[in-house]
Amino acid sequence: MSVPDIFDRAARRLHRDRAAPTFAEFDFLRAAMLDGIAERLASVTHRFTDMLDLGCFDGALPVPAGAKVTRCDAGALFAVQSGGVQADEDRLPFPAESFDLVVSVGVLDSVNDLPGALTLARRALRPDGLFLAAFCGAGTLSTLRSVLREAERNRPAARIHPQVDVRSAGDLLMRAGFTLPVADIEPLTVRYRGIGGLLRDLRGMGASNILRDRTPLRRDTLARAAELFTERADPDGKTPERFDIIYLTGWSPAPTQPQPARRGSATASLEGALRRFPPSDA
């Protein structure tokens, strides 16, 4: 059964192409994600030979020593700039078991079929291959969501993308067939003088609204939202906005990996263990 598109694929490509020439000016969020990915990768002792950079933007993701990298992006300009291929994350063209490391940074929150994208990433991995990802999850842009909702109280419209919470993200890893799944979250707060700066950053990083059912933002609505955004400012005149970064780690199944104990295979009972420690009279 096909999954209905939530996001406009053509608009997603167009927004990424528009962001490509000046992306370096607006890459702070992805840079934070790259730092988190680097920390997680540094704790892994595996040596990798073939890496897929899934959603590569400008190709800034470092490559492990000795590994070859294939870059892939939904936007044509990002793909060309990085010497990669153009493809949507839920429509990958790569054969099974092509890579031993797949890393995706900053794109999975705008993929139509996220379970499908995770399954394809797992399929592209060789046994005991590693998958790492970072993307914005539930709680992101909470201030913008709030002011837009209040500004459009009488005619609400979908403005902020649906978001995945960290628990659901971990469940999706398991559903996709990854082993040893880990999902965690790190918040990042950025403070703005006005709503214009926030919207400019979102456009600059290719993260503005690409919902299929989006409608134009009216000028009076934007003006009201700007007032409400300013009202939420700290004493120094800057309003905090939140980005909740979800990190995912999972492994492609392999016989050499630790396996959970079979239910009922324990050789000692809890009752027996407790008998070793008689109750105290104290």
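Residues numbered from 1 in each chain as written. Predicted model: local features only at pLDDT ≥ 70, side-chain atom pairs only at ≥ 80, totals over all residues. Heavy atoms only, no water.

Caption draft 1: The arrangement of the packing of helix 5 (residues 142–151) against helix 8 (residues 219–231) in detail. The interhelical angle for the contact between helix 5 and helix 8, taken along N-to-C directions, is 130°, at an axis separation of 8 Å. Here helix 5 is positioned oblique relative to helix 8, judged by the angle of their axes. Seen from above, helix 5 lies across helix 8 with right-handed handedness. Residues Thr143, Val147, Leu148, Glu150 and Ala151 of helix 5 form the contact with helix 8, whose participating residues are Thr221, Arg224, Ala225, Leu228 and Phe229. Split by residue class, the contact of helix 5 with helix 8 holds six nonpolar, two polar and two charged. (Axes fitted to C-alpha atoms, helices over the stretch in contact; angles between N-to-C directions. Helix = DSSP H or I, 4+ residues; strand = E, 2+ residues; numbered from the N terminus. Parallel < 35°, antiparallel > 145°, perpendicular 65-115°, else oblique. Left-handed = near helix turned anticlockwise from the far one by under 90°. Contact = heavy atoms within 4.5 Å. Nonpolar A, V, L, I, M, F, W, Y, C, P; charged D, E, K, R; others polar.)

Caption draft 2: Highlighting the layout of surface pockets. The calculated volume of the largest pocket comes to roughly 1,000 Å³. Every residue lining the largest pocket is counted, 41 residues in all, and those nearest its centre are His161, Leu202, Ala207, Ser208 and Asn209. Elements supplying a minimum of two residues to the lining of the largest pocket: helix 1 (9–19), helix 2 (28–42), helix 5 and helix 7 (195–204). A total of five residues in the lining of the largest pocket trace back to one element, the largest contributor, which is helix 1. Partitioned by chemical class, the residues of the lining of the largest pocket number 22 nonpolar, ten polar and nine charged. Taken as a whole, the second largest pocket holds about 160 Å³ of empty space. Every residue lining the second largest pocket is listed: Ile6, Phe7, Leu108, Asp109, Val111, Asn112, Leu114, Cys136, Pro162, Gln163 and Val164. (1 Å grid on protein atoms, 1.4 Å probe; cavity = no way out; pocket = protein on both sides within 12 Å on 5 of 7 lines; lining within 4 Å. Points joined across faces, edges and corners; volume = space filled by probe spheres on them.)

Caption draft 3: Seen up close, the environment of Thr49. Relative to the assigned elements, Thr49 resides in the loop between helix 2 and strand 1 (50–54). Placed 51 residues apart in sequence, Thr49 and Asp100 show a C-alpha to C-alpha distance of 6.8 Å. Setting aside residues no more than four positions away along its own chain, Thr49 makes contact with Gly66, Ala67, Lys68, Asp100 and Arg126. Within the local environment of Thr49, its side chain forms a polar contact with the side chain of Asp100, the two groups lying 2.8 Å apart. (Polar contact = N/O pair within 3.5 Å; in protein donor to acceptor, adjacent residues only side chain to side chain.)

Caption draft 4: How the structure looks around the sheet that holds strand 5 (residues 125–136). The seven strands are arranged 3-2-1-4-5-7-6 in an open sheet whose pairing can be described as mixed. Across the chains shown, the open sheet's two edge strands, defined by having one partner strand only, are strand 3 (85–86) and strand 6 (179–192). Sheet topology note: the strand 1/strand 2 (residues 68–73) ladder contains five bridges and is parallel. Residue Leu54 lies in a different strand from strand 2, and its bridge partner there is Cys72. Relative to the sheet, helix 4 (residues 114–124) contacts strand 4 (99–105) and strand 5, its axis offset from that of strand 5 by approximately 145°. (Pairing = 2+ DSSP bridges.)

Caption draft 5: Layout of the nonpolar core. The biggest cluster of nonpolar side chains holds 66 residues, and the ones touching the most others in it are Leu108, Phe131, Leu144 and Phe243. Among the elements that take part in this core, strand 5 stands out by supplying eight residues, more than any other. Non-local contacts of Phe131, meaning those with residues more than four positions away in its chain, are made with Val102, Leu108, Leu118, Ala121, Leu125, Leu173, Phe178, Leu248, Thr249 and Gly250. (Core = buried A, V, L, I, M, F, W, Y, C linked by side-chain atoms within 4.5 Å. Buried < 20%, exposed > 50% of the residue type's maximum accessible area, 1.4 Å probe, protein only.)

Caption draft 6: The arrangement of empty space enclosed by the protein in detail. Throughout the structure, instances matching the rule amount to one cavity of 30 Å³ or more. In the lining of the largest cavity, the residues fall into one nonpolar, two polar and five charged.

Caption draft 7: Layout of the pairing of strand 5. Across the twelve residues of strand 5, nine count as buried, placing the element largely inside the fold. Across six bridges, strand 4 lies against strand 5 in parallel orientation. Opposite Phe99, over in strand 5, you have Leu125 as the bridge partner. Read as a crossover between parallel neighbours, the route from strand 4 over helix 4 to strand 5 is right-handed. Relative to strand 7 (residues 239–251), strand 5 runs antiparallel, the two sharing seven bridges. (Right-handed = clockwise from strand over helix to strand, strands pointing away.)

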